[in-house]
Amino acid sequence: MQVSYQHANPHNGRESHLLRFHDEIHNQTTCILVDSGSGVDIDDLLGEDEYLSAICLTHAHLDHYRTLGSNLRDEAPIYATPETTEAIKTRLDTDAEHADLDNPGDVEAAIEPITDWTTITSDVRIHPVPAGHAPGACGFVVRFADGDDHHHLLATGDFTTRRAAGYPGLGTDLSVDAVFLTAATNADFRDQLTGAVGTVLKRAAAGSTVLTTTSGSTGVHLAYLLVHVAQFADLTRPVTVAGRVATLWEAL
């Protein structure tokens, strides 16, 4: 078994990659696209005799699924966690046109929530593992056979070892032989989020009505933190979520 890794959009986003598992005995290649961000064109990535076996979606941030609808090929399923599946369906139902997402109906029909080992081909299986970063985000442990031996890889997008809205961070004790990742991170994120929560709570404690604006999954994370910190501080103030954040809150 030959395994290869290829950036799917090295000049635009850099968060997506293609994994190939080539079985020399049967001369068959299993191709798995991990995320489908800006500039990804599966037709440019696949060779003449290759086909797409599956798409693994790590989380529901637009930069990781912007071209999902235009890269559906060969009846390949889209695998994601149940939470990411719900978040994607919510986006497709509410503002697919505004977000310039192609073929929303085809995406909704192709996406499959998984929580356990899932067979891609007879030699390749995947299993989602928590990745922090966003509610329901995951990496994928890929198990593949090489003769009588089996090996494990971890393919993930953005990740944190800390929790996100109560969802676990990426474990540091995973038993894998190699890690494929194209993660972007921000060293200031923790301080910025802590500062934002502190500002909201300070103004709420002073009796103000506080309006905050965020993206969908970030809004879920922020609301989760506000509720729990307010309870810890014995501050009884209502937290109201609206718009897509509210839809995601109920779905998750």
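Please read these numbers as outputs of a predicted model, since none were measured by experiment.

Peer 1: Got a minute to help me understand the sheet that holds strand E6 (residues 111-113) in this structure?
Peer 2: Adjacent strands of a sheet pair through backbone hydrogen bonds, lying either parallel or antiparallel. The strand order across the open sheet formed by six strands is E1-E2-E3-E4-E5-E6, and the pairing between neighbours is mixed. Two strands bound the open sheet, and with one partner strand each, they are strand E1 (2-7) and E6. Taking each pair of neighbouring strands and ignoring which way they run, the sheet shows an average axis angle of 25°. Taken together, the three bridges between strand E5 (residues 78-80) and E6 define a ladder with parallel strand orientation. Bridge pairing in E6 links Tyr-79 to Glu-112. Packed onto the sheet, helix H3 (residues 82-95) meets E5 and E6 and runs at close to 145° relative to E6.

Peer 1: Just checking my understanding: could you explain a negative patch on the surface for this structure?
Peer 2: On the surface, a cluster of negative charge is made up of Glu-24, Asp-146, Asp-148 and Asp-149. Checked against the element boundaries, Asp-146 lands in strand E9 (residues 138-146). On the basis of relative accessible area, Asp-146 is assigned to the partly exposed category, the value being 30%.

Peer 1: Which parts of the structure should I look at to understand the nonpolar core?
Peer 2: Inside soluble globular proteins, nonpolar side chains tend to come together where they are buried. Core analysis: the biggest nonpolar cluster contains 33 residues, and Leu-33, Ile-78 and Ile-88 have the highest contact counts within it. Among the elements that take part in this core, H3 stands out by supplying three residues, more than any other. Among residues more than four places away in sequence, those in contact with Ile-78 are Ile-55, Leu-57, Leu-68, Leu-72, Val-107, Ala-110, Ile-111 and Glu-112. Val-34, Ile-114, Leu-153 and Ala-155 belong to the second-largest nonpolar core, a separate cluster that totals 18 residues.

Peer 1: Before we go on, may I ask you to explain the pattern of salt bridges in this structure?
Peer 2: Side chains carrying opposite charge are able to pair once their charged atoms draw close together. A complete count under the given rule lists two salt bridges for this structure. Glu-50 is paired through a salt bridge with Arg-20; the nearest N and O atoms lie 2.9 Å apart. Of the two residues, Glu-50 is situated in the loop between helix H1 (42-45) and strand E4 (52-56) and Arg-20 in strand E2 (residues 17-23); the sequence distance between them amounts to 30 residues. In this structure Arg-20 comes out as buried when scored by relative accessible area, which is 13%.

Peer 1: Explain helix H6 (residues 216-232) to me, please; I cannot follow it from the model alone.
Peer 2: Since the α-helix turns once every 3.6 residues, residues separated by three or four places project in the same direction. Under the 1.5 Å per step criterion, the end-to-end length of H6 is 25 Å for 17 residues, consistent within 8% with the ideal 24 Å. Turning to H6, its buried residues number three or more, namely Gly-216, Ser-217, Gly-219, Val-220, His-221, Leu-222, Ala-223, Tyr-224, Leu-226 and Ala-230. Each element contacted by the buried residues of H6 is listed here: helix H5 (189-205) and helix H7 (243-251).

Peer 1: Is there a simple way to think about H5 in this case?
Peer 2: Taking 1.5 Å per residue, 17 residues should reach 24 Å; H5 reaches 24 Å between its end C-alpha atoms and fits that length. Buried residues of H5: Leu-193, Val-197, Val-200, Leu-201 and Ala-204, and no others. The buried side chains of H5 occupy one side of the element, clustering within an arc of 95° when seen end-on. Residues of H5 that are exposed and point over 90 degrees away from its buried face: Asp-191 and Lys-202. As for H5, its buried residues are in contact with H6. Gly-207 sits one or two positions beyond H5 and adopts a positive phi of about 100°.

Rules used in this analysis
- Residues numbered from 1 in each chain as written.
- Predicted model: local features only at pLDDT ≥ 70, side-chain atom pairs only at ≥ 80, totals over all residues.
- Heavy atoms only, no water.
- Pairing = 2+ DSSP bridges.
- Helix = DSSP H or I, 4+ residues; strand = E, 2+ residues; numbered from the N terminus.
- Axes fitted to C-alpha atoms, helices over the stretch in contact; angles between N-to-C directions.
- Contact = heavy atoms within 4.5 Å.
- Patch = residues over 30% accessible without salt bridge, like charges linked within 9 Å, V, L, I, M, F, W, Y side chains within 5 Å.
- Areas by Shrake-Rupley, 256 points an atom, 1.4 Å probe, with all protein chains shown as cover.
- Salt bridge = Lys/Arg side-chain N within 4 Å of Asp/Glu carboxyl O.
- Lys, Arg positive; Asp, Glu negative; His and termini not counted.
- Charge placed at Lys NZ, Arg CZ, Asp CG, Glu CD.
- Buried < 20%, exposed > 50% of the residue type's maximum accessible area, 1.4 Å probe, protein only.
- Core = buried A, V, L, I, M, F, W, Y, C linked by side-chain atoms within 4.5 Å.
- Expected span 1.5 Å × (residues − 1).
- Arc of directions from axis to C-beta.

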